[in-house]
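Below are the chains, spelled out letter by letter.
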Amino acid sequence: LVDSADGSAYLEQGLNKVLVSVHGPQEPRKKMDQSPEKCNIVCKVSYMPISGTDWKQRRNGDKRTLETENILKEITEAIVILEVSPRAEINI
């Protein structure tokens, strides 16, 4: 689906549509985010302006967006074996 990604998926259920792309493991963009023991997961969530009932543009620092990013990161960290790629980063 996303040619530049290492992995991608598309899910459609009812009126909900989700497109996910995964890049990595790769060198971290910020060296301070490096962990010598395990891989770092970075999640970025974007909503379409017409998503939801309020039809407004969501900013990157929006509480709903940050909460969704943190939940996605926690779930991914529980699934992925982070110790396989120490000092690396996976972007979702």
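To be clear, the structure that these remarks concern was listed above.
Residues numbered from 1 in each chain as written. Predicted model: local features only at pLDDT ≥ 70, side-chain atom pairs only at ≥ 80, totals over all residues. Heavy atoms only, no water.

A. Broad picture of a nonpolar patch on the surface. A cluster of nonpolar side chains, contributed by Ile71, Ile75, Ile79 and Val80, occupies part of the molecular surface with about 360 Å² of accessible area. Examined against the element boundaries, Ile79 turns out to sit in helix H1 (residues 63-79). According to the relative accessible area criterion, Ile79 is exposed, its value standing at 64%. (Patch = residues over 30% accessible without salt bridge, like charges linked within 9 Å, V, L, I, M, F, W, Y side chains within 5 Å. Areas by Shrake-Rupley, 256 points an atom, 1.4 Å probe, with all protein chains shown as cover. Salt bridge = Lys/Arg side-chain N within 4 Å of Asp/Glu carboxyl O. Helix = DSSP H or I, 4+ residues; strand = E, 2+ residues; numbered from the N terminus. Buried < 20%, exposed > 50% of the residue type's maximum accessible area, 1.4 Å probe, protein only.)

B. Highlighting H1. Compared with the 24 Å implied by 1.5 Å per residue over 17 residues, the 25 Å span of H1 between its first and last C-alpha is a close match. Taken together, the buried positions of H1 are occupied by Thr65, Glu69 and Thr76. Looking down the long axis of H1, one finds its buried residues gathered within 35° of arc, a one-sided arrangement. Exposed and facing more than 90 degrees away from the buried side of H1 are Lys63, Glu74 and Ala78. The secondary structure elements touched by the buried residues of H1 are strand E3 (40-42). (Expected span 1.5 Å × (residues − 1). Arc of directions from axis to C-beta. Contact = heavy atoms within 4.5 Å.)

C. A look at the sheet that holds strand E2 (residues 16-26). Spatial ordering of the open sheet is given by E1-E2-E4-E3, a layout of four strands whose pairing is mixed. Because the sheet does not close on itself, it has two edges, and the strands there are strand E1 (7-13) and E3. In this sheet, neighbouring strand axes are inclined to one another by 20° on average, regardless of whether the strands run parallel or antiparallel. In terms of strand pairing, E2 meets strand E4 (residues 89-91) through two bridges, oriented antiparallel. Its bridge partner being in E4, His23 is matched across the sheet by Asn91. (Pairing = 2+ DSSP bridges. Axes fitted to C-alpha atoms, helices over the stretch in contact; angles between N-to-C directions.)

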